[in-house]
Every structure is written in structure tokens, then in C-alpha cells.
Amino acid sequence: MSPQPQSAVGAPLSRVDGRLKVTGQALYAAEHDIKGALHAVIVDSSVGRGRITSVNTDAALAHPGVLRVIHHGNAPTLPYRDNSGGSNNPAGRRLRVFQDEKVLFHGQPVAVVIATTLEAAQHGASLVRVRYDDQRPSTDMADAEPGRPTEYARGDAETALREAAVRLDLTYRMARNHHNPMEPHATIARWDGDRLTVWDKTQWVVGTQTELSTVFDLPMEAVRVISPFVGGGFGSGLRCWPHTVVAALAARETKRPVKLVLSRRQQYFGTGFRPSYEYRLRLGSDRRGRLRAAVHEMDAETSSYETFDEAIMLAGQMFYSTPHVRQAYRKVPLDVNTPIWMRGPGFANASFAIESAMDELAHRLRIDPIELRLRNEPPEDESNGLPWSTRRLRECYAVGAREFGWDRRDPEPRATRDGDWLIGLGMAAAVYDPGRVAAQARVRLDADGTAVVEAASSDMGPGTYTSQTQVAADALGLAMRAVTFRLGDSLYPPTPPHGGSMTMASVGSATLDACDKVRRQAVELAVEDEESPLYGVEAEDIVVRGGRLHVRGNPARGETYRSLLTRNRLTRLEADGAYAGPPEPERHSYYSYGAVFTEVAVDATLGLVRVRRMLGVYDCGRIVSPKLADSQALGGMVGGIGQALLEHTVTDHRDGRIVNANLADYLVPVNADIPDLRAIYLEGEDMRADPLGVKGVGEIVQVGVAAAIANAVFNATGRRVRELPITAEALI
């Protein structure tokens, strides 16, 4: 069948849900008005490790409005049916809330107070007295014993390193980061007999549905999860956290709907974080900068009760041509809550170490940093021998250098000044492994010429409503206003998590498949209908535009969906669509790429760092929505500025308490920190990747930013900082 005209995909359209958001009509998890809902507030552990010896609830229960206090001493036993195949938990054993007296980390839920008002629940929680037999927690990686490493090797890295003409031995440290989305995590739970409905802040409605069915031993179809809008997530909503289970438990015990909203402070120990890393990297090269060997040794924190890991190893295996590589990735179990993926997971941290080291090697050999990278471009993925689906890094470098003015960079540190400010330029390459996972969607084309598309995906801000509507509109040949895309409900066809840059490729391909099927149904109906102007025309010669089927090249010969369906006495056409995911085995190595350029100014006396401008150039396949992609890039750059210069979770190792669990002390970039930011996406598509030719944008745009800033700081000051965030103290 002929390709459909494309008028929506590729156009810089505004968000279809924008008006709902700016007028307050978009309902987030805690804003749903559920009749008769009670309020719940969690009581958090005040110790970092130990055992609960008593819970006194007398004062709380005596407070007006307080109805129940649930804790390990009176909570029912939850079945936690084994459902590991579909669970969205990291490997290991779950935190089974209120099931025993053990305290595994500071801030662990130890009780929940349910009351008729939020104020009563909050005050009631302050009246609960919990006593502990506490122990000193282990929260410092430097004092903890790592677990067994995950390893990778090719060649003989140690021998090649010893024989290399140039050797570097560098250690980088990266602080723990917290997501801090604007919307706090919240859940409203309601039971109707043995059926559970939750309105939840989640990036994976199917994952939350699976977890709740596991915990309460319910069939999947007995749990409904609703999440139409998510006010930012950055990865924090990629699993079902204990507070969601607590809300459901409280609702079951009180036989009333229950609303539970985490405070800003509680999110620091309730919804995960980007783990801290110590990353030792040893590089060996010849005197022309061609890499011969790389040894990566990575330590990262995880919780004592679950093992969290992420794709920290992939970049070191495939990014640069290196015949001899060895890696060891060790997870260090600590008395903390479990980490979770955060924007650019794995790659954002790996890139800081690798791209900083490449800059150090370039400086030592007096080679331009871009030229050094070009000399180490691999012809194929050396980790698996597969050809690249696309790899346009050379073009990213060339476009970025031209647009940024890289030729004006003085390679000598401290050579450029602007009054009291030292000026530096830096760059870093970026890579990310965007996900492609099986997904489903369904579409209904009504006789009035409008369509509804449904999929259980989420939208935490990148614009899923809009981009999926664009795909559907073009596939159906309808105007954007004639298509409604619905998401965020487990009653809709299942989709993968909304993270890992997988939504556009996965859900978009399923949407495309469903809409293509419906359009083909209409075309086949028309060519077989003797009363249709299209009767007898080859189906391959028919396209649809503006809701009207017509012969390609002859718009006058055709008819509308409305007339076709009405004449055939059909109220609708329907189809289910699916995307099966990548082929097995993979035939290509599939990554997105970028090059990030940054200019910084550093106060020569005070050591203050200011980012002046930043440019990112990206190879991400087909761009469905340039306006949304640009928004993603700017947000990723802002996140990278935070990672590089500001964000640092501070733990008091005496008791495991997070010292700066608020936005006054945990610093994130504000408008005054945001300079001239610009993104360029290379034109093209990657049809080897998926039916849409897209590669996700949301993660790659934070990768490389911290390294580019650190490299610019070195160019400005001559001071090499190998620890994030870069502080004034490190530069004076």
C-alpha cells in the first residue's frame, strides 16, 4: 500500500494537552476527587538500622479525626505472591512493609496514620511513639564490602596496558542524585470488594498493576491503575514504591478510599535515587592517541535488601575502538533504600569518567579532543561484532564544532579571560542505548471521521499525548484535531515502562500498526464497494488525507471515511496494533549519539563556575516532534548542569539520615543558572531500528553534559576535577 502523506509527523506542533495543563484541568494522582476518601500519612523510621521494640499509638488514636494506625504489630500478613517474572522490582527481596520489626534504612515506613483530614493524619503521625533497638547503619561505600562483580573482558587488557606507550590511571567520583520531580509521589486507593483501583503517580501502570497483584495475591484483571498525567518523574516512577502498597493496605483495612501523598522530604528515602559511584579508569594508548587498552572498575551503592544495577558498562565496551577491555562492576550493599534509574541511567555517569579521561589523554598528547575521538572511531560494535544501525558521530562533531565556534578554543588552560573570569571551552561525546520493547495499542475509527487511540503508556512530560497523536493522525490520514490519544490506564493495551527512551519506538510503532490496519480496512471496504468512487481501484494506489480516501495523484476521485462507513451502515472500524520489539538475535548495534559543547566562566578568585552557553548535536533518527524534542534537549542539559555543578545528596553516616532532604539544601538549577542552550538534531531516520525510524531522545540529552562542563572547567583553570559536583572549594 502506498506510503501515507506526512503532515503531522515532523511538524513543530504545540502539545495537545497543553491547555488542560495551563488551565488546571489536567488531574494528577492526588487531585482526583474520590468520594469519601480518607487521608494517610506515613510514620518514618528515625534510625538507619535496627529493630522496632514498641509502637505506642495511644496519643495518635486519641486525636480527633484519627481512625486507625497500622504498623507491624497489627497489620495483616500480606501474601506477596511470587510474581518475579512480571514484577517491576529490582532483583532481590522486596521491602515487605509492616510485615516484621526490622528496620533496613532511615525513613523506612514503620506505621501509617489514617484520618478524616490531612491535618489530623499529619498531627496523628507526629504523636506515634516508636522505640528501637538501633545499630549503626552502613551507609558509606568506603567502609562497606562490595558484592561479587559483574565482569566483561575482551583481549588481554592488563598486558596491553603495561605495554602501552601512554598510560593513565584515573579515579572519578560521582555523588548520589535525587530526582526531585515537581509533582510529589501520591496514591489514592479504593477497594470494591476484591477489586482494587489506584490513582497513582507512576511511569509504568502495568508494572504497578503487577506489583499490587503480587503483594495482595490478586489476579491482574482485579487491579486497575490510573495515571493520566505525571508531573515529572526522571525515573523515580519506574517502579511501585512502598507507599503505594501502604495506601492500598490502609484502604482495605478501613474499607474506605485512602489518599496518601509523600512529603518532599519523604521522597528522598521513599522513591529511589541515582546511586553514587567510584569509577576507576585506566587507559593505554600509542603516542598518536589510538587506544590499546581500557580497564574499568566501578563501585556503586545499592540497598541491603535488593540488588540494583544499571547499564554503566555498555559505553566502555562499544564507544571507542579498543582491542583490549576489562570491566568489573561491583554493587555495594548499604543500609539505604533501593536506588532507581535516573535520566540517562548508567550512561550519564559512565560518560563523565570516559569523556573526562579522553579529554585528559588529549591534553597530555597535545591532540585536539575532537581529533582524538575521530582517531578512535570504531568501524563496528567491538563488543559484539555487529554493524551500527546508524552512527553519525563524525557529523555530530563537525556540525557542533562549526556551530559552536570550536576553532576559537585555545588549548592552553587559563589562556582566555574576561575580566575576573577565566573562560574555557569543553566538549564530550554522548551515547545511549534507547530501549525497544514489545507494546500494544488499539484504535477505533468512528463513522463521524474521528478516531480514538488507546495504550497504557504514561506521559511524565516529554509529550506522549502529542507525539502519539501525530503518528496516528498521519497513519489514518486525519487532522490532529480529529484524533484523541488516551493513555495512563491499565485497562488499555499493555506497554513498557515510560523511561529508557523507549516510548516513541515501542508505543509509537504499536500505534502505527493499529492505525495502518484500520486505514487498510477502510481502503479494502472502498475498493470492494460498488457504490464507492474507489471501486475497483488497486488498494496500493489509495492514500488518505484530511479524512478523505482518494487515488494518489487524483484527489478528485475519492470519498470520506464518514460517507464510506455511513453507506455501509458501520458505526466504526477497529483494530489492535502491536510492536514485537527488536529482532532476535539483533542484526545491528542500536544506539543514539551526540556531541556536547560547553563554554564556562570561572571566577579566578572565588572558584564559582557559570555555564555561559551549551550546544548539543544529536543523531537520534527520525524526529517526530521537533518542538517536543527541543524541550527534551533543554531539560536534559539543565539536568546535566545540576549533576555537574550542584546536585549532591548528603548522608549523615552516624544514623543514615539524609541531611539535605529538601529543595532549600539540595541544590538544583534555577532560571539564573540556565544560559544559552541549543540543540540540533541531524536529519534522517533509522529504519533498522523500528517501523518509525526513531531513536529515543529523552535520555541521550543528559549524557555527556557533566563531562563537557568538567572539561571546560579544566580548559578555563588548568584544574582537573574528577568528582561531581564540581564545587568552588575544588577550584581554589
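Please refer to the structure placed before this passage.
Residues numbered from 1 in each chain as written. Predicted model: local features only at pLDDT ≥ 70, side-chain atom pairs only at ≥ 80, totals over all residues. Heavy atoms only, no water.

## Things to note about the overall build of the chain
- A count of helical and extended segments in the chain gives 16 helices and 32 strands.
- Since a compact globule built from 732 residues should have a radius of gyration of about 27 Å, the 27 Å found for the chain is in line with a globular shape.
- For the C-alpha atoms alone, the extent of the chain along its principal axes is close to 80 × 75 × 50 Å.
- The buried share of the chain, reckoned over its 732 residues, is 62%.
- Excluding contacts between residues fewer than 6 apart, the proportion of contacts in the chain whose partners are at least 24 apart in sequence is 81%.
- Total accessible area on the chain stands at roughly 28,300 Å², and carbon and sulfur atoms take up 47% of it.
- Side-chain charges in the chain split into 85 positive and 91 negative, and the spacing between the mean points of these groups amounts to 2 Å. (Helix = DSSP H or I, 4+ residues; strand = E, 2+ residues; numbered from the N terminus. Rg over C-alpha atoms; globule rule 2.2 N^0.38 Å. Buried < 20%, exposed > 50% of the residue type's maximum accessible area, 1.4 Å probe, protein only. Contact = heavy atoms within 4.5 Å. Areas by Shrake-Rupley, 256 points an atom, 1.4 Å probe, with all protein chains shown as cover. Lys, Arg positive; Asp, Glu negative; His and termini not counted. Charge placed at Lys NZ, Arg CZ, Asp CG, Glu CD.)

## As for the sheet that holds strand β11 (residues 195-200)
- In space, the seven strands of this open sheet follow the order β3-β6-β1-β13-β10-β11-β12, with mixed pairing throughout. A single partner strand is all that each edge strand has here, and the edge strands are β3 (66-71) and β12 (223-226). Across the sheet, the mean angle separating the axes of adjacent strands is 20° when strand polarity is ignored.
- Sheet topology places strand β10 (residues 186-192) next to strand β13 (residues 258-261); four bridges connect them, and they run antiparallel. Across the sheet, Thr 187 pairs through a bridge with Leu 260, a residue of β13. (Pairing = 2+ DSSP bridges. Axes fitted to C-alpha atoms, helices over the stretch in contact; angles between N-to-C directions.)

## Description of empty space enclosed by the protein
- Summed over the entire model, instances satisfying the criterion amount to five cavities of 30 Å³ or more.
- Approximately 230 Å³ is the volume found for the largest cavity.
- Along the walls of the largest cavity sit 25 residues, with Leu 95, Trp 241, Pro 242, His 243 and Gly 270 positioned nearest its centre.
- At the level of secondary structure, the elements contributing two or more residues to the lining of the largest cavity comprise β1 (38-44), α5 (205-215), α6 (242-254) and α7 (267-270).
- Element by element, the count of residues in the lining of the largest cavity is highest for α6, at three residues.
- Quantified by volume, the second largest cavity comes out at close to 100 Å³.
- Considering the residues around the second largest cavity, the lining is formed by 13 residues, among which Leu 291, His 296, Tyr 320, Thr 322 and Ile 354 are closest to the centre.
- Breaking the lining of the second largest cavity down by element, the ones donating at least two residues are β14 (277-285), β15 (291-303), α8 (314-318) and α9 (347-365). (1 Å grid on protein atoms, 1.4 Å probe; cavity = no way out; pocket = protein on both sides within 12 Å on 5 of 7 lines; lining within 4 Å. Points joined across faces, edges and corners; volume = space filled by probe spheres on them.)

## A short note on the side chain of Thr 466
- Along the polypeptide, Thr 466 turns up in helix α12 (residues 464-476).
- Excluding its chain neighbours within four sequence positions, the residues that come into contact with Thr 466 are Ser 14, Arg 15, Val 16, Asp 17, Met 480 and Leu 628.

## Some details on the packing of aromatic side chains
- Summed over the entire model, instances satisfying the criterion amount to 14 aromatic pairs.
- Pairing Tyr 172 with Phe 352 gives two aromatic rings, centres 5.6 Å apart and planes at 80°, and the pair type is edge-to-face. With Tyr 172 in strand β9 (residues 166-174) and Phe 352 in helix α9, the pair connects residues that are 180 residues apart, well separated along the chain. With respect to class, Tyr 172 is no different from Phe 352; both count as buried.
- Ring geometry for Trp 406 and Phe 597: centres 5.7 Å apart, planes at 75°, overall edge-to-face. You can see Trp 406 sitting in the loop between α11 (393-404) and β18 (417-418) and its partner Phe 597 sitting in strand β27 (residues 592-603), a full 191 residues away along the chain.
- Joined through ring pairs, the aromatic side chains of Tyr 28, Phe 229 and Tyr 465 make up one cluster.
- Lying over the aromatic face of Trp 388, Arg 391 brings its terminal NZ or CZ to 4.7 Å of the ring centre. (Phe/Tyr/Trp six-rings, centres within 6.5 Å; stacked < 30°, edge-to-face > 60°. Lys NZ or Arg CZ within 6 Å of the ring centre and 35° of its normal.)

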